Structures are given as structure tokens and as C-alpha cells.
Amino acid sequence: MNKSKRIIFLILVSGLLLRFFLFFGFLDNQELFYDDDSLGYVQLAENMKEGRGFSWDEKEPFRPNSFRTPGYPLFLLLNRLLFGSYLPALLVQFLLVAASAYILFLIAESLGSRRIGEIGAAIFLFMPFSVLVSLQFLTQSLFAFVLMLAVWFWLLFLKKRQTRYFLFVSALLPVLALIRPIAIFLYLPFVISLFQSLWTSDKKRTVYLSAFLILIFFLLLSPWLLRNYLLFGEYSLSSIGPYQLYFYEAPPVYAFNHNVSRAEAGELLEREIEKYTHASAFEEYPTFAHSDILSQKGREIIFESPAGLVFLKVIQGFKFFIRDGIRYWLEQRGLGLVLTERAFLFVIFLGMIASLSSFLKKDFPNRPYHFFFILIIFYFAFLTGAMASAGFRFVVEPLFILTGLTGVKQVISMRRSKKIY
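Residue positions within a chain follow its written sequence, with the count starting from 1. Owing to the predicted nature of the model, reporting of local features is limited to residues with pLDDT of at least 70; listing and counting of side-chain atom pairs is limited to 80 or more, with chain, interface and lining totals taken over all residues. Side-chain numbers come from the whole structure's heavy atoms, not from hydrogens or water.

A. Layout of the overall build of the protein. The helix and strand tally for the protein stands at 19 helices and zero strands. Against the compact-globule benchmark of 22 Å for 421 residues, the protein has a radius of gyration of 22 Å, which places it among compact chains. Dimensions of the protein, computed from C-alpha atoms along their principal axes, come out at roughly 70 × 55 × 55 Å. Here the protein holds 421 residues, and the buried ones make up 52% of them. Intrachain contacts of the protein at a sequence separation of at least 6 include 72% that bridge at least 24 residues. Exposure was quantified through the Shrake-Rupley algorithm and a 1.4 Å probe, taking into account, for residues, occlusion by the shown protein chains and nothing else. Summed over all atoms, the accessible surface of the protein reaches about 20200 Å², with 64% contributed by carbon and sulfur. The charge count treats Lys and Arg as positive and Asp and Glu as negative. His and the chain ends do not count. Charged groups are reduced to one reference atom each: NZ for lysine, CZ for arginine, CG for aspartic acid, CD for glutamic acid. One finds the centroid of the 41 positive side-chain charges in the protein at a distance of 17 Å from the centroid of its 30 negative side-chain charges. A run of H or I in DSSP becomes a helix once it reaches four residues, and a run of E becomes a strand once it reaches two; helices and strands are each numbered from the N terminus. For the radius of gyration, the atoms used are the C-alpha atoms, and the globule rule reads 2.2 Å times the number of residues raised to 0.38. Burial classification: accessible surface area is computed with a 1.4 Å probe over protein chains only, and a residue below 20% of its type maximum counts as buried, one above 50% as exposed, and the rest as partly exposed. Residue contacts are counted whenever heavy atoms from the two residues lie within 4.5 Å of one another.

Written as C-alpha cells, this is what we have:
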């Protein structure tokens with residue numbers, strides 16, 4: 001093996017061995033493999049296998065599901081058909097997380113920061129939540145890999161201007177939206193990056209490629225959008241949007257505006273919406289049944305005080321970057337370790353901010369690429385909102401670590417240069 005690749009190889013192998021050790025260690029007690037959402041994903045895959053359609057009902061009438069998108073259940077189904085069990089999907093997820101770490105390394109290496117790539121890959125692989133989420137039936141591992149693959153191909157496209165890389169990205173972006181609905185607008189950072197990189201040199205090609213990217217995105221999503229229209233009368237990717245808006249985004253805004261606790265706001269809004277929906281059970285809300293009224297009332301609450309909304313968005317955005325993952329292991333114990341991890345994430349966050357401020361300088365190396373990374377990171381930070389957690393940040397964790405370490409390196413280099421002079 002090339003000597004220059006030995007370090008990253010050892011990092012990747014160590015990360016895989018840790019996961020394999022935990023996987024086989026918990027085979028007799030598989031509770032670790034399941035999160036609150038895991039059973040739903042597995043049930044969706046099982047129902048598709050048994051010909052019951054895309055439903056997570058365990059019994060008839062197997063109602064069509066509008067809340068989840070098919071990407072991850074199809075991934076589970078493929079593993080079930082190939083290996084006769086869903087457990088191998090977790091082993092595949094280990095490989096996907098390792099591949100994401102390797103792509104992080106490749107990106108850093110291509111930008112002249114091999115050491116940052118090695119350190120970043122190690123951090124990403126051994127962060128507590130990274131280990132945990134790859135051991136569970138959740139979308140994050142698959143989504144993070146596809147996203148990192150799209151970012152890598154985009155970087156190659158910006159560097160080499162070869163159309164094949166652009167086509168790869170165009171095909172991967174709708175796949176991301178089918179894995180997690182939050183990616184429904186993910187083409188925007190790519191289009192902005194395209195304008196930032198190509199507009200001055202070729203305006204016509206920039207417009208053409210942007211239109212093509214968006215067209216392919218919605219064209220590949222159209223079968224699922226049409227399915228939802230035919231079944232539910234909604235040409236939409238998922239019914240999760242209105243549900244999340246009212247029950248997760250609106251309560252903290254209401255709590256801030258009316259000086260009540262988050263829990264009180266949630267209970268009050270749940271009682272309030274019943275006056276308009278007359279829902280027989282809470283289970284109706286994640287469907288399209290009340291999506292219009294949920295969207296309307298959610299927007300009324302959120303935009304009641306623009307200043308309060310901006311303040312909360314800043315707070316929630318900050319939490320997105322420093323929410324720890326080790327607490328998922330410790331279950332409220334080991335406060336010292338939790339604070340240590342948060343402090344570490346805060347340093348990475350400060351490094352990212354330093355990288356962002358350096359980007360404003362025209363002589364900043366690799367300027368268009370870091371601009372693109374920041375766009376991707378802030379896309380998820382903004383849309384995550386009140387749902388901020390290690391689980392939501394994980395999908396951009398490699399880019400967060402990469403930009404953070406780049407900024408830390410810049411700060412250290414500046415301090416050293418000042419000491420020299």
C-alpha cells in the first residue's frame with residue numbers, strides 16, 4: 001500500500017472494527033439496533049416484501065403511508081431480499097459511514113489538506129453518535145453517504161468542468177429527497193454554487209445547467225409525487241412538512257412570544273388545533289388529512305413576531321452545531337463527558353465561523369469549494385429548526401468537521417505568523 005494512504009486505511013479499519021465489535025456484542029440483545037423510528041422503517045420494508053404496499057400498519061387494511069419516503073425502506077428491503085434478514089443492512093451501513101469518512105479525506109486531500117482529512121475522518125468515525133447511528137435502522141448513514149458522494153462529484157465537476165460529474169450529481173439529489181424529505185430543496189445550494197463558480201465565465205451555460213439540474217430533480221421525483229397525488233390528492237413528497245411545522249416549529253415560537261414553557265406551548269397548541277380539525281386521534285395529524293389547517297395555523301404562529309422568529313432561528317441554529325451525541329449512550333449520566341463533547345463541538349463550530357470569515361477574503365485558497373460546503377451545512381441548519389439534534393446534524397457532520405478543522409488550522413497559522421513577526 002502507498003505509504004501516504006496507510007494512515008487513512010488504519011483509521012477506516014479501526015472505525016469498522018469498533019462497529020463490528022459492538023454489532024456482534026449486542027446480537028443477543030438487539031434493542032440497541034432500534035430507535036423510535038426504526039420499527040416503522042422495518043415495517044414499511046416488510047409490508048412491501050409481503051405485497052402489502054407502502055404501509056407501516058401491522059394489520060389490515062394496510063393504509064398507504066404518506067409520512068415516510070421510500071428511499072430507506074427500499075434499502076432495507078434490498079438487504080432483506082439479498083441476505084434473508086434486515087440485520088445485514090447494519091453491516092452495510094458500517095461500510096457507508098466508512099466510505100463517507102474516506103470521501104471526507106479525498107475532499108481534504110484534493111484541497112491540499114491531507115492531514116485535516118485524516119484527522120477529520122477519525123473524528124467523524126469515532127464521534128459517539130456516529131458509532132450509535134450506524135448501529136441503528138435509521139436513515140442517517142445512507143443519507144450521509146449519498147450526500148458526500150454528491151458533494152465529491154460536484155467538487156470534481158467544479159474542478160474539471162466535465163459533464164459526467166454534473167450528471168452524477170443530478171441523479172443523486174432526487175435520491176436524497178427520497179431518503180429524507182428535508183432534501184426537497186437541496187438543489188438550491190448546488191445552483192448557487194454553480195452561479196458563483198461559472199457565471200462570470202459562461203452565463204449561458206450556467207443558466208442551462210441550473211435549469212437542467214432542477215428539471216432532472218423533479219422529473220426523477222415525479223413518480224413518487226404522482227403516487228401521493230393519486231392516493232391523497234397532494235402533489236407533495238411527504239405529509240411530514242405541515243405536521244413538523246405545527247407541532248415542532250410553532251411551539252417554541254409561541255412559548256417565546258407568550259412567555260410560557262415549551263411543554264406548555266405544545267400542550268396548548270395541541271388542544272387548540274382540535275377545535276379546527278375535530279380529529280378523532282392524534283395519528284391523523286402525520287397524514288395529509290389536516291395538512292392545510294396545520295400549515296395555516298403553524299404559519300400564523302411562526303410569523304406572529306418576526307423579531308422573535310429571527311431570535312429563535314439564531315438560537316436553534318447554534319444548537320444544531322453543538323448538540324452532543326454522547327448523551328444517547330449515557331442516558332443523562334456522565335455529565336462531564338457530555339460537556340466535554342459539547343465543548344469540542346463548540347471549537348469545531350468556531351473553526352467553521354473562522355473559515356467562513358476567511359472566505360470573505362478574495363485570496364482565500366479553495367474559495368468556491370468552501371463556499372459550497374458552507375451552503376450545504378447552513379441549508380440543513382436552517383431547515384432543521386427546532387428539531388436540532390446530533391441526529392439531524394450527522395448528515396453534514398463530515399463537512400462541518402472539515403470546515404471547522406480548516407478554520408482552526410487558519411487561526412493557529414495566523415497566531416504563529418504573528419509570533420514570528
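B. Layout of the packing of aromatic side chains. Aromatic contacts are taken between Phe, Tyr and Trp rings whose centres are within 6.5 Å, Trp giving its six-membered ring; a plane angle under 30 degrees counts as stacked, one over 60 as edge-to-face, and the others as tilted. A complete count under the given rule lists 48 aromatic pairs for this structure. Ring plane angle 50 degrees and centroid distance 5.1 Å describe the contact between Tyr34 and Phe137, whose orientation is recorded as tilted. Of this pair, Tyr34 sits in the loop between helix H1 (3–25) and helix H2 (38–49) while Phe137 sits in the loop between helix H6 (128–134) and helix H7 (140–160); the two residues are 103 residues apart in sequence, bridging distant segments of the chain. On the basis of relative accessibility, which here comes to 0%, the residue Phe137 falls in the buried class. Linked through ring pairs, Trp56, Phe67, Tyr243, Tyr246, Phe247, Tyr248, Phe282 and Tyr285 together constitute an aromatic cluster. Only when the NZ atom of a Lys or the CZ atom of an Arg is both within 6 Å of the ring centre and within 35 degrees of the ring normal do we say a charge sits over the ring. The residue whose ring lies beneath Arg80 is Tyr86, and the NZ or CZ to ring-centre distance is 5.6 Å. The ring of Phe392 is capped by Arg180, whose NZ or CZ atom sits 5.4 Å from the centre of that ring.

C. Spatial organisation of the nonpolar core. Definition of nonpolar core: a set of buried residues of the types Ala, Val, Leu, Ile, Met, Phe, Trp, Tyr and Cys, connected through side-chain atoms within 4.5 Å. By size, the foremost hydrophobic cluster in this structure holds 112 residues, and its most contacted members are Leu76, Ile107, Phe137, Leu186, Phe190, Phe373 and Phe380. The element that contributes the greatest number of residues to this core is H7, accounting for 16 residues. In contact with Ile107, not counting residues within four places along its chain, are Met148, Val151, Trp152, Leu155, Phe373 and Leu402. Judged by nonpolar contacts, the second largest core, of 20 residues, contains Ile240, Val253, Tyr254 and Ala265.

D. Main features of helix H8 (residues 163–179). A helix is expected to span 1.5 Å multiplied by its residue count minus one. Counted at 1.5 Å a residue, the expected span for H8 with its 17 residues is 24 Å, and the 25 Å between its end C-alpha atoms agrees. Buried residues of H8: Tyr165, Phe166, Val169, Ser170, Leu172, Leu173, Pro174, Leu176, Ala177, Leu178 and Ile179, and no others. Taken together, the buried residues of H8 touch helix H3 (71–83), H7, helix H9 (187–198) and helix H10 (203–232).

E. Structural context of helix H12 (residues 262–277). Between the first and last C-alpha of H12 there are 22 Å, a value that for 16 residues agrees with the 22 Å anticipated at 1.5 Å per step. Within H12, burial applies to Ala265, Gly266, Leu269, Ile273 and Thr277. Down the axis of H12, the sector holding all buried residues measures 95 degrees, keeping them to one side. In this structure, H12 carries Arg271 and Lys275 as exposed residues pointing more than 90 degrees from its buried face. Those residues of H12 hidden inside the fold are in contact with helix H11 (240–258) and helix H13 (291–302). Once H12 ends, the next one or two residues include His278, with phi positive near 55 degrees. Summarising the geometry, the arc corresponds to the directions from the helix axis toward the C-beta atoms.

F. A look at a negative patch on the surface. On the surface, a cluster of negative charge is made up of Glu264, Glu267, Glu270 and Glu274. Within the element layout of this structure, Glu274 appears in helix H12. On the basis of relative accessibility, which here comes to 42%, the residue Glu274 falls in the partly exposed class. To count toward a patch, a residue needs a relative accessible area over 30% and no salt bridge; like charges are then connected within 9 Å, while nonpolar side chains (Val, Leu, Ile, Met, Phe, Trp, Tyr) are connected within 5 Å. Whenever a carboxyl oxygen of Asp or Glu lies within 4 Å of a side-chain nitrogen of Lys or Arg, that contact is scored as a salt bridge.

G. Expanded view of a nonpolar patch on the surface. Taken together, the side chains of Leu226, Tyr229, Leu230 and Tyr235 present a nonpolar region at the surface, about 470 Å² in accessible area. Relative accessible area serves as the criterion here: at 43%, Leu226 is assigned to the partly exposed category.

H. View of the side chain of Thr384. Locating Thr384 in the fold gives a position in helix H17 (residues 367–384). N or O atoms closer than or at 3.5 Å make up a polar contact, with two conditions inside protein: a donor-capable atom paired with an acceptor-capable one, and, for residues adjacent in sequence, both atoms drawn from side chains. Of the polar contacts made by the side chain of Thr384, one reaches the backbone oxygen of Phe380; its length is 2.5 Å. What Thr384 contacts, discounting residues up to four positions off in sequence, is Ile182, Gln244, Glu249, Phe320 and Phe392.

I. Quick look at the packing of H2 against H3. Running from N to C, H2 and H3 cross one another at 60 degrees; their axes reach a closest spacing of 8 Å. Relative to H3, H2 is oriented oblique. H3 is crossed by H2, and the crossing has right-handed handedness. For the pair formed by H2 and H3, the contact residues are Tyr41, Val42, Leu44, Ala45, Glu46, Met48 and Lys49 on the first element and Tyr72, Pro73, Leu74, Leu76, Leu77 and Arg80 on the second. Here the residues of the contact of H2 with H3 sort into ten nonpolar, no polar and three charged. A fitted line through C-alpha atoms serves as each axis, taken over the contacting stretch for helices, and the angle formed by two N-to-C directions is quoted from 0 to 180°. Each angle receives one of four descriptions, namely roughly parallel if under 35 degrees, roughly antiparallel if over 145, roughly perpendicular if within 65 to 115, and oblique otherwise. Handedness of each helix crossing follows the sense of rotation of the near helix against the far helix: counterclockwise by less than a right angle gives left-handed, clockwise gives right-handed. Note that Gly is not counted as nonpolar here; it falls among the polar residues with everything else outside the nonpolar set of Ala, Val, Leu, Ile, Met, Phe, Trp, Tyr, Cys and Pro and the charged set of Asp, Glu, Lys and Arg.

J. Main features of unusual backbone geometry. The peptide bond linking Glu60 to Pro61 adopts the cis configuration, its omega dihedral lying at 20 degrees. Note that Pro61 resides in the loop between H2 and H3.

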